[in-house]
Amino acid sequence: MLSDSKPGVAVAEVFPHLAGAVGGLAFAGREGLSRLFGEQPHLAVFCAAPHGAAALLLAELLGEAERAGCQLAVVDLSADFRFADAAAWEAVYGRPHGAPELLPRFTCALPELVDAAFSRHVAHPGCFTTAVLLAAVPLLRAGLVEPWVTAVAVTGSTGAGRTPTPTTHHPERRSTLFAYAPLAHRHQPEMEALAAAAGAPATIRFVPQAGPFARGIHATLVMRPRAGTTAAAAREALLSFYAGAPFVDVLAEPPRLQDVVGSNRCRLAVAADGEALVAFAVLDNLVKGAAGGGVQWMNRLLGFDESAGLSAPGLGWL
């Protein structure tokens, strides 16, 4: 494990909850990876650098690995490779892309929404995008709903990272609920781009909300059903679509967030009355929406069983 800010520091010292699971493992500095490039013919790299910094870092690492004859498989958890072209990324993030030449070498997708044909490097979508697309794409592809989605998703405070701000610090939001960046959040164009790439083009209107809990996302999607679409038909479409997906459950009743927190699972359900179809999705923003989804992709890239290392149950009662 590499860290620019904690080289040489024991992992358990920075993250005490991992004591007993990581032994004496310590963070290495940047030079540790350079040494590995010369020692190993193949390496798996997970990049958790901030948006805007990941592209420059990965350009440097990929170049260095190639010069050393080391082949990398990369899963990037930042937003730097989630768009197919630099102009689209720059329109959202308002600055030049750090490595536009690498964009064709990355695929951004959810493993449940694509087949085995993907690039050597993967950009994992954001946690909001994961929840919304897992619920919407099968219904759109089946032609059961009109291509217009309104998504309201409540996220826990851990989605904002470790640095507190007045709107993200958990003590400031533990007993309240509020929307932020309604209809203007940076994940909205990401959702539309990835829905189209998954064969389900749609207009998506997104309202994120800050919830009074630490972990998880609860998303509610409202769509207009096409003539003859029932809740039973929509549920059957989800069941069929995810029949081979090890981490997606389709329920008969709306899912509960606590049942997935700490796991790599996403749970879905639908309701309909002829005028509207509502889809629900719950997942852990730190696992299925980030680290767990990244491991799931790396398993695929390396030819491992997709569920390897991801079978741990949720946390249950907290």
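In the block above lies the structure referred to throughout.
About the thresholds
Residues numbered from 1 in each chain as written. Predicted model: local features only at pLDDT ≥ 70, side-chain atom pairs only at ≥ 80, totals over all residues. Heavy atoms only, no water. Helix = DSSP H or I, 4+ residues; strand = E, 2+ residues; numbered from the N terminus. Buried < 20%, exposed > 50% of the residue type's maximum accessible area, 1.4 Å probe, protein only. Axes fitted to C-alpha atoms, helices over the stretch in contact; angles between N-to-C directions. Parallel < 35°, antiparallel > 145°, perpendicular 65-115°, else oblique. Contact = heavy atoms within 4.5 Å. Nonpolar A, V, L, I, M, F, W, Y, C, P; charged D, E, K, R; others polar. Pairing = 2+ DSSP bridges. Salt bridge = Lys/Arg side-chain N within 4 Å of Asp/Glu carboxyl O.

## Overview of unusual backbone geometry
Phi is positive for Ala181, close to 45°, though the residue is something other than glycine. Mapped onto the elements, Ala181 comes out in the loop between strand S6 (178–179) and helix H7 (187–197). Taking the relative accessible area as the measure of exposure, Ala181 reaches 34% and is therefore partly exposed. Its identity is not glycine, yet Leu183 carries a phi of approximately 65°, on the positive side. Leu183 gets classed as exposed once you look at its relative accessible area, which sits at 52%.

## Section: the packing of helix H5 (residues 127–141) against helix H8 (residues 231–241)
Orientation of H5 relative to H8, taken along the N-to-C sense of each, is 105°, at an axis distance of 9 Å. The angle between H5 and H8 places the two elements in the roughly perpendicular class. Contact with H5, carried on its side by Ala135, Pro138, Leu139 and Arg141, involves Ala234, Ala237, Leu238 and Phe241 of H8 and no other residues of that element. In terms of residue class, the contact of H5 with H8 is built from seven nonpolar, no polar and one charged.

## Quick look at the sheet that holds strand S7 (residues 203–210)
The seven strands lie next to each other as S6-S7-S5-S8-S11-S10-S9, forming an open sheet whose pairing is mixed. Because the sheet does not close on itself, it has two edges, and the strands there are S6 and strand S9 (248–250). Sheet topology note: the S9/strand S10 (residues 266–272) ladder contains three bridges and is parallel. Bridging across to S10, Asp249 finds its partner in Arg267. Relative to S10, H8 is tilted by about 160°, and along the sheet it contacts S9, S10 and strand S11 (277–283).

## Quick word on the pattern of salt bridges
For the structure on display, the rule yields eleven salt bridges. Between Lys288 and Glu112 there is a salt bridge, with the nearest N and O atoms lying 2.7 Å from each other. Placement of Lys288 in helix H9 (residues 287–301) and of Glu112 in the loop between strand S3 (106–108) and strand S4 (121–123) is noted, with a sequence separation of 176 residues between them. The buried category is assigned to Glu112, whose relative accessible area is 11%. Note that Arg226 is salt-bridged to Glu146, the shortest N-O span being 3.4 Å. Residue Arg226 is located in the loop between strand S8 (217–225) and H8, and its partner Glu146 is located in strand S5 (residues 145–155); the two are separated by 80 residues in the primary sequence. Taking relative accessible area as the criterion, Arg226 reaches 34% and is therefore assigned partly exposed. Taken together, the salt bridges that share partners define one network made up of Asp249, Asp259, Arg265 and Arg267.

## Looking at the pairing of S11
Of all the seven residues making up S11, seven are buried; the element is thus mostly covered by neighbouring parts of the structure. The side-chain alternation of S11 yields two buried faces, one formed by Leu277, Ala279, Ala281 and Leu283 and the other by Val278, Phe280 and Val282. Strand direction decides the pairing type here: S8 and S11, joined by seven bridges, are antiparallel. From the neighbouring strand, Thr220 faces S11, where its bridge partner is Phe280.

## Some points on the environment of Leu183
When you line up the elements, Leu183 lands in the loop between S6 and H7. Sequence spacing of Leu183 and Phe206 is 23 residues, and the spatial spacing of their C-alpha atoms is 5.3 Å. When sequence neighbours within four positions are dropped, the list of residues in contact with Leu183 reads Gln188, Arg205, Phe206 and Val207.

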